[in-house]
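Summary of the model geometry
Here are the chains, one letter per residue:
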Amino acid sequence: MKPAAFTYHRARDVDGAVDLLSELGDDAKIIAGGQSLVPMMNFRLARPAHLVDVTALPGLSGISTDEEGLHIGPLTTHRAVETAPDSLLGPDHAVLREAMAWVGHLPIRTLGTVGGSLAHGDATAEWCLLAVLLDARVVVRGPGGAQRTIEAADLFLGFYMTTLAPDEVIVDVVFPRPAPHCALTEFAERAGDFAAVAAAVDLDLAADGTVRGGRVALGGVAPAPVRVPEAEAVLQNGGPAGPELFAACAEAAEAAIDPPSDADGSSDYRRVLARTLIVRACEEAAAR
Ligand SMILES: Cc1cc2nc3c(=O)[nH]c(=O)nc-3n(C[C@H](O)[C@H](O)[C@H](O)COP(=O)(O)OP(=O)(O)OC[C@H]3O[C@@H](n4cnc5c(N)ncnc54)[C@H](O)[C@@H]3O)c2cc1C
């Protein structure tokens, strides 16, 4: 399958990319790794007349830390995160590295980027789920050099829809706080497929192993990744990190969600998957 004809543009800097997007209007799209956009173009689900290639933009790739938190450049590939050394991604963010094993296959991880994943806004994408769980901030640049920060909670509107404007470029992704007891797990029909349901948990553990609170996020149960306050309330009540607490947390989530039914599974199936995966994620997070 081949995409409809388009004109290719290569941007040399961020403002140049924004100018091109502004000039070309709704018919233009950024292309980064192309691992979501190109399949959509091949299936004629997207027919942009212009592609603005951002892969040559300087300074938008790499991992660093400062007082704001952990910064991941939007052009950083999934594979670069997966293979990042401890000096860049220590135990406080090990979940980001480990979650990459769930993203597609090696060739997809080698080309696909963090920014592309967030901009694409798939409800089961690992980056979208982790961003919502860990309160990531997505920094974007728009016309006139205007820069704004979008909290992950405000980024995802629904099926492949985000609050990014068509002429905004993601220039930074910030994970503001450490998450040493965090885990992501999921279930897909075949290895490398998008998850039917994905669960991510970030536990607040006391030194004696008692749970003091935590966050729970699910992908694949709603049009966008969601936090589950009912499950988090169970963790907030606290208790020993073990089967009883984790089962109660998972059951609260199962009762709270109302997943869609589709070709990948019925609503009930996804609800049961969510319960099972939350327990598994809690166990993995506590074991860190
Ligand atoms: C077979 C297959 C399996 C896959 N499995 C998974 C999976 O299990 N989990 C998962 O998360 N992903 C999966 N993917 C998708 C993959 O992770 C993509 O890499 C990712 O979704 C998009 O990144 P990209 O760099 O390829 O973006 P592109 O495809 O180039 O672009 C995607 C969208 O993001 C926009 N965009 C890109 N960069 C920016 C930027 N800096 N600022 C603003 N907008 C931008 C583009 O305009 C476009 O709308 C899979 C893909 C395939 C083909």
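Analysis parameters
- Residue positions are counted from 1 within each chain, in the order its sequence is given.
- In keeping with the predicted nature of the model, local features appear solely for residues at pLDDT of at least 70, side-chain atom pairs appear and are counted solely at 80 or more, and the whole-chain, interface and lining totals rest on all residues.
- Note that the side-chain values use all heavy atoms of the structure and ignore hydrogens as well as water.
- UniProt positions are given in the numbering used here, feature names are shortened, and annotations may be inferred rather than shown by experiment.
- The secondary structure listing takes helices from DSSP runs of H or I that are at least 4 residues long and strands from runs of E that are at least 2 residues long, numbered from the N terminus.
- Any two strands are treated as partners once DSSP identifies two or more bridges connecting them.
- Axis angles are defined between N-to-C directions and span 0 to 180 degrees, where every axis is a line fitted to C-alpha atoms and, for a helix, only to the segment in contact.
- Any two residues whose heavy atoms approach within 4.5 Å at even a single point are treated as in contact.
- Whether a residue is near a molecule or strand is decided by its heavy atoms; if any one of them lies within 4 Å of it, the residue is near.
- Each polar contact in these results corresponds to two N or O atoms within 3.5 Å; when the atoms are within protein, one needs to be able to donate a hydrogen and the other to accept it, and residues that are neighboring in sequence are counted only if both atoms are side-chain atoms.
- Note on areas: Shrake-Rupley with a 1.4 Å probe; residue coverage comes only from the protein chains shown.
- Two helices cross in a left-handed way if the nearer one is turned anticlockwise from the farther one by less than a right angle. They cross in a right-handed way if the turn is clockwise.
- All residues other than Ala, Val, Leu, Ile, Met, Phe, Trp, Tyr, Cys, Pro, Asp, Glu, Lys and Arg, Gly among them, are scored as polar; the first ten of these are nonpolar and the last four charged.

In the numbering adopted here, UniProt assigns the feature "domain: FAD-binding PCMH-type" (unreviewed entry) to residues 1-180. With 27% helix and 23% strand, residues 1-180 has its two end C-alpha atoms placed 44 Å apart.

Take the sheet that holds strand 3 (residues 50-53) next. Here three strands make up an open sheet; going across it, the order is 1-3-2 and the pairing parallel. Two strands close off the open sheet at either side, each with one partner strand: strand 1 (7-10) and strand 2 (28-31). Sheet twist, expressed as the mean angle between neighbouring strand axes with direction ignored, is 25°. In this structure, strand 1 lies alongside strand 3, joined through four bridges in parallel fashion. Counted as the bridge partner of R10 is D53 from strand 3. Relative to the sheet, helix 1 (residues 14-24) contacts strand 1, strand 2 and strand 3, its axis offset from that of strand 3 by approximately 170°.

A few words now on the site of the ligand. Every one of the 28 residues lining the ligand counts as a neighbour, but I30, Q35, S36, T113 and E126 are closest to it. A32 places a main-chain nitrogen or oxygen 2.8 Å from an oxygen atom of the ligand. Here an oxygen atom of the ligand and a backbone polar atom of G34 are 2.8 Å apart. Coverage of the ligand by the protein chains reaches 89% of its 970 Å² of free accessible surface. Of all elements in the fold, only strand 2, helix 6 (114-120) and strand 10 (169-175) reach the threshold of two or more residues within the shell around the ligand. Per element, the largest residue contribution to the shell around the ligand is four residues, and it comes from helix 6.

At their nearest, the axes of helix 9 (residues 243-256) and helix 10 (residues 267-287) sit 8 Å apart, and the two run at 145° to each other. Taken as a pair, helix 9 and helix 10 cross one another with a handedness that is right-handed. Contacts between helix 9 and helix 10 involve F246, A247, C249, A250, E251, A253 and E254 on the former and, on the latter, R271, V272, R275, I278, V279, C282, E283 and A286. Per-class residue counts for the contact of helix 9 with helix 10 are ten nonpolar, no polar and five charged.

This part takes up the sheet that holds strand 10. With antiparallel pairing, the five strands of this open sheet are ordered in space as 4-5-10-6-7. Whereas interior strands pair on both sides, the edge strands pair on one side only; in this sheet they are strand 4 (63-66) and strand 7 (147-151). For this sheet, the mean inter-axis angle between neighbouring strands, taken without regard to orientation, is 25°. Sheet contacts for helix 1: strand 6 (137-141) and strand 10; angle to strand 10, the most-contacted strand, approximately 125°.

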